Amino acid sequence: QALSTQLNDMAEKVKKLEEQTKKFERKLADQQRKSMHDSLTKLSNRAAFDEYFTQSMVRFHHQPFDLALAVIDIDDFKNINDSYGHTAGDKTLQVIASTIQKQVSDDAFVARYGGEEFVLIYTKQKQKELIKQLNSINKNIARLPFKFKNNKVSITLSIGVTHITTEDNIHTAFERADEAMYKAKSQGKDQVIYS
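Remember, predicted model here, so these are calculated numbers, not experimental data.

Which residues make up the pattern of salt bridges, and what values go with them?
Under the counting rule described, the total for this entry stands at seven salt bridges. Where salt bridges share partners, they join D73, D75 and K185 into one cluster.

Below, the structure is given as C-alpha cells:
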C-alpha cells in the first residue's frame, strides 16, 4: 500500500514536471521568435537576417544558385522624423515594411536591418527580373498617399542590389549591395542600382 502510494506520488510529480517543461519550452520558443522579429514592423530583424543570409551563403557555396541581396534605404527619412515627429516616422516604417512584404516574390526573405534600412534576399531571380521587381516596389512606395499634418509627402527608396558570386563571403556581398545603395542616394535617390 505504502509503495503504491509512493509510486502514485512520483507519477504525479513526473507529470507536473513534464507540464512545467512543456511550458518552459513554449516560453523559450516564443522568446526566440520575438528575438528574431522587429516589433515595430513585424518583419524579421537583423539577427534573423544574419542567420538566414549565413545559411543561404553556405548553401550557395555548396552548390551555386541565383542568390541576390538588396539593401533598401528610405530617402530623406530623417526629415519625416524631424518635421512630423517619431510617431509619423514609425507609421512610415510600418506602411513601407508591409508594402515591401506584399510586393516581393515568394522566394524573397525580408527583414528590417535597422533604422530606415531594409534587406531582401532573393533565391531564384535573374538580374533583369530582380531589377524590374525592385523598381516596381519603389514605384508603389512613391505612389502611397502619405499625409502628415495635412501635408502630402511622397516617399522614395534608394536600393542597391547584387548577385552573390563564388568569390564572395557575407561581408563582401553585403558591402557591394550597400555601396550600390549609397550610389543610388548620391545619384539623386529614388532608384535601383545593380552592382
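Continuing now.
Give a detailed account of the packing of helix α2 (residues 46-62) against helix α6 (residues 170-186), specifying residues and quantitative values.
α6 packs onto α2 with a crossing angle of 115° between their chain directions and a minimal axis gap of 11 Å. Here α6 runs roughly perpendicular to α2, going by the angle between their axes. Two packed elements cross with a definite hand, and for α2 against α6 that hand is right-handed. From α2, F49, F53, T54 and M57 reach across to α6, where they touch I170, A173 and F174. Tallied by class, residues from the contact of α2 with α6 come to six nonpolar, one polar and no charged.

Break down α2 for me, citing the residues and quoting the values.
Its 17 residues place the ends of α2 24 Å apart at the C-alpha level, agreeing with the 24 Å of an ideal helix rising 1.5 Å per residue. Buried residues along α2 sit in contact with β1 (68-74), β2 (109-114), β3 (117-122) and α6. Regarding α2, its N-cap is N45, as a side-chain oxygen of that residue lies 3.2 Å from the backbone nitrogen of A47 further along.

How would you explain a positive patch on the surface if you had to name every residue and give the values?
Taken together, the side chains of K22, K23, R26 and K27 make up a positively charged region of the molecular surface. Tracing the sequence through the fold places K23 in helix α1 (residues 2-35). The exposed category is assigned to K23, whose relative accessible area is 57%.

What counts as what
Along each chain, residues carry numbers from 1 onward, in the same order as the chain's sequence is written. Per-residue local features are limited, in this predicted model, to residues with pLDDT of at least 70; the limit for side-chain atom pairs, both in listing and counting, is 80 or more; totals at the level of whole chains, interfaces and linings are taken over all residues. To obtain the side-chain values, all non-hydrogen atoms of the structure were included, while hydrogens and water were left out. Take a side-chain nitrogen of Lys or Arg and a carboxyl oxygen of Asp or Glu: if they are within 4 Å of each other, that pair is a salt bridge. To obtain an axis, a line is fitted to C-alpha atoms, over the contacting stretch when the element is a helix, and the angle between two such axes runs from 0 to 180 degrees between their N-to-C directions. A helix here means a DSSP run of H or I that spans at least four residues, while a strand means a run of E at least two residues long, and both kinds are numbered starting from the N terminus. Any angle that falls under 35 degrees is termed roughly parallel, while one over 145 is termed roughly antiparallel, one within 65 to 115 roughly perpendicular, and all others oblique. The sense of a crossing depends on the near helix, which, turned anticlockwise from the far helix by less than a right angle, makes the crossing left-handed and, turned clockwise, makes it right-handed. Residues count as neighbours in contact if any of their non-hydrogen atoms are within 4.5 Å of one another. When residue character is reported, Ala, Val, Leu, Ile, Met, Phe, Trp, Tyr, Cys and Pro are called nonpolar, Asp, Glu, Lys and Arg charged, and the others, Gly included, polar. Every helix has an expected span of 1.5 Å times one less than the residues it contains. Think of a polar contact as two N or O atoms within 3.5 Å of one another; within protein, one of them needs to be a possible hydrogen donor and the other a possible acceptor, and neighboring residues in sequence only count if both atoms come from side chains. Candidates for patches are residues over 30% relative accessible area with no salt bridge; among them, like charges are joined within 9 Å and nonpolar side chains (Val, Leu, Ile, Met, Phe, Trp, Tyr) within 5 Å. Accessible surface area values rest on a Shrake-Rupley calculation with a 1.4 Å probe, where residue burial reflects the displayed protein chains alone. His is not counted, nor are the chain ends, whereas Lys and Arg count as positive and Asp and Glu as negative. Lys charges are placed at NZ, Arg charges at CZ, Asp charges at CG and Glu charges at CD. Partly exposed describes any residue whose relative accessible area lies between the buried limit of under 20% and the exposed limit of over 50%, with all areas from a 1.4 Å probe on protein chains only and scaled to the type maximum.

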